[in-house]
Amino acid sequence: MKTRLTRPNTQTTTTTKTTKHQHHAFRFVLLTAAVVAGCGSSASSNDADQFVGSWTFDSETITAMCSGLMPPPQDLSGKVLTLDRVSGSEVILNYSDNCKVAFTVSGSTATAKPKQTCQIATGQAGDQNLAVSSWTLTLDSPTAISTEQKGTALGGLCNISGSGKLSKTDAGGAG
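Note that this is a predicted model, so its numbers are computed, not measured.

A.B. asks: Before we go on, may I ask you to explain the overall build of the protein in this structure?
C.D. replies: Counting secondary structure elements, the protein contains 2 helices and 12 strands. Secondary structure elements of the protein occur, N-terminal to C-terminal, as β-β-α-α-β-β-β-β-β-β-β-β-β-β. In the protein, buried positions account for 30% of the 175 residues. Residue pairs in contact within the protein that sit at least 24 positions apart in sequence constitute 44% of those at least 6 positions apart. For the protein, the exposed surface amounts to about 10,700 Å²; the carbon and sulfur share of it is 56%.

A.B. asks: Looking at this structure, I do not really get the pattern of salt bridges. What am I missing?
C.D. replies: Where side chains of opposite charge bring their charged atoms close, a pairing between them can arise. Per the stated rule, a full pass over the model turns up 3 salt bridges. With a closest N to O distance of 2.6 Å, Glu 90 and Lys 113 form a salt bridge. On the criterion of sequence distance, the pair formed by Glu 90 in strand E6 (residues 90-96) and Lys 113 in the loop between strand E8 (109-112) and strand E9 (116-122) is long-range, its members being 23 residues apart. With a closest N to O distance of 3.3 Å, Lys 165 and Asp 140 form a salt bridge. Taken together, the residues span a long stretch of sequence, with Lys 165 in strand E12 (residues 158-168) and Asp 140 in strand E10 (residues 126-141) at a distance of 25 residues.

A.B. asks: I would appreciate a short explanation of the nonpolar core in the present structure.
C.D. replies: Across soluble globular proteins, nonpolar side chains show a tendency to be buried alongside one another. Phe 51, Leu 83, Leu 93, Phe 103, Trp 135 and Leu 137 are the most contacted members of the largest nonpolar core, which totals 31 residues. Not counting residues within four places of it along the chain, the set of residues in contact with Trp 135 comprises Leu 93, Val 101, Phe 103, Ala 110, Thr 111, Ala 112, Cys 118, Thr 147, Glu 148 and Gln 149.

A.B. asks: Quick question: what am I supposed to make of the state of the cysteines here?
C.D. replies: Two cysteines, two sulfur atoms, one covalent bond between them: this is a disulfide. If you walk through the whole model with that rule in mind, you get 2 disulfides. Across the disulfide from Cys 66 sits Cys 158; the S-S distance is 1.9 Å. Torsion about the S-S bond of the Cys 66 and Cys 158 cystine: about 110°, corresponding to right-handed handedness. With a gap of 92 residues between them, Cys 66 in strand E3 (residues 53-66) and Cys 158 in strand E12 connect regions that are remote in the sequence. Taking the relative accessible area as the measure of exposure, Cys 66 reaches 15% and is therefore buried. Take Cys 158: its relative accessible area is 3%, and that puts it in the buried class. Shown here is the disulfide that connects Cys 99 with Cys 118, its sulfur atoms set 1.7 Å apart. Note on the Cys 99 and Cys 118 pair: the S-S dihedral is about -95°, so by sign convention the disulfide is left-handed. Of this pair, Cys 99 sits in strand E7 (residues 99-106) while Cys 118 sits in strand E9, placing them 19 residues apart in sequence. With relative accessibility at 1%, the residue Cys 118 sits in the buried group.

A.B. asks: Please explain the pairing of E10 as it appears in this structure.
C.D. replies: Side-chain direction in a regular strand flips from residue to residue, so the side chains alternate between the two faces of the sheet. For E8 and E10, the ladder comprises 3 bridges, and the chain directions are antiparallel. When the sheet's bridge partners are listed, Ala 110 is paired in E10 with Leu 137. Pairing of E10 with strand E11 (residues 144-153), which is carried by 9 bridges, proceeds in the antiparallel orientation. Within E11, the position partnered with Thr 136 by the bridge is Glu 148. Between E10 and E11, which follow one another and run antiparallel, lie 2 residues.

A.B. asks: What should I look at first to understand the environment of Asp 49 in this one?
C.D. replies: Position of Asp 49 among the secondary structure elements: in helix H2 (residues 43-49). Once the C-alpha coordinates of Asp 49 and Asp 84 are considered, the two residues, 35 residues apart in sequence, prove to be 8.5 Å apart.

A.B. asks: Would you mind going over the packing of aromatic side chains with me for this structure?
C.D. replies: Aromatic ring pairs are described here by two measures, namely the spacing of the ring centres and the angle between the planes. One pass over the full model with this rule turns up 2 aromatic pairs. Both rings, one in Phe 103 and one in Trp 135, keep their centres 5.7 Å apart while their planes meet at 75°; by these two values the pair is edge-to-face. With Phe 103 in strand E7 and Trp 135 in strand E10, the pair connects residues that are 32 residues apart, well separated along the chain. Here Phe 103 and Trp 135 have matching classes, each one buried.

The rules we used
- Residues numbered from 1 in each chain as written.
- Predicted model: local features only at pLDDT ≥ 70, side-chain atom pairs only at ≥ 80, totals over all residues.
- Heavy atoms only, no water.
- Helix = DSSP H or I, 4+ residues; strand = E, 2+ residues; numbered from the N terminus.
- Buried < 20%, exposed > 50% of the residue type's maximum accessible area, 1.4 Å probe, protein only.
- Contact = heavy atoms within 4.5 Å.
- Areas by Shrake-Rupley, 256 points an atom, 1.4 Å probe, with all protein chains shown as cover.
- Salt bridge = Lys/Arg side-chain N within 4 Å of Asp/Glu carboxyl O.
- Core = buried A, V, L, I, M, F, W, Y, C linked by side-chain atoms within 4.5 Å.
- Disulfide = S-S within 2.5 Å.
- Pairing = 2+ DSSP bridges.
- Phe/Tyr/Trp six-rings, centres within 6.5 Å; stacked < 30°, edge-to-face > 60°.

The structure is reproduced here in structure tokens:
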């Protein structure tokens, strides 16, 4: 409510009085804004849900460049992995009992957390622990992921890299 005060030979002054109703309306707006802002924080959880399920490597080749040696590339085509939601924006990749890698999801990209290892069976060199330097999963569509990884093996003697495509093989997960 506005009240207009007029004084002779002076300027006109306008004052505003806040009513009890306006005060309650203002508090309601603030509370609503806080609730909406809180709901926005769950977006990363929904992003993580998009990755959950069983996935099959359509193509994936891991190559190693070792001091004085170049072992044959490791083809993972046809192999299956699962992605499970751990909490919030975190998923875990399960390739085998000895290859579980935690990822943080933001939007359509999942990025491996630092300092993790993944053991992969190779034909000629047996089981090898790969120290993950970087590993990214990019959701191309609800049923397709591009993957790219880098790391080391044999105590840092070999540099490992790989890239490929995954297809969703189930309707698991939320959404």
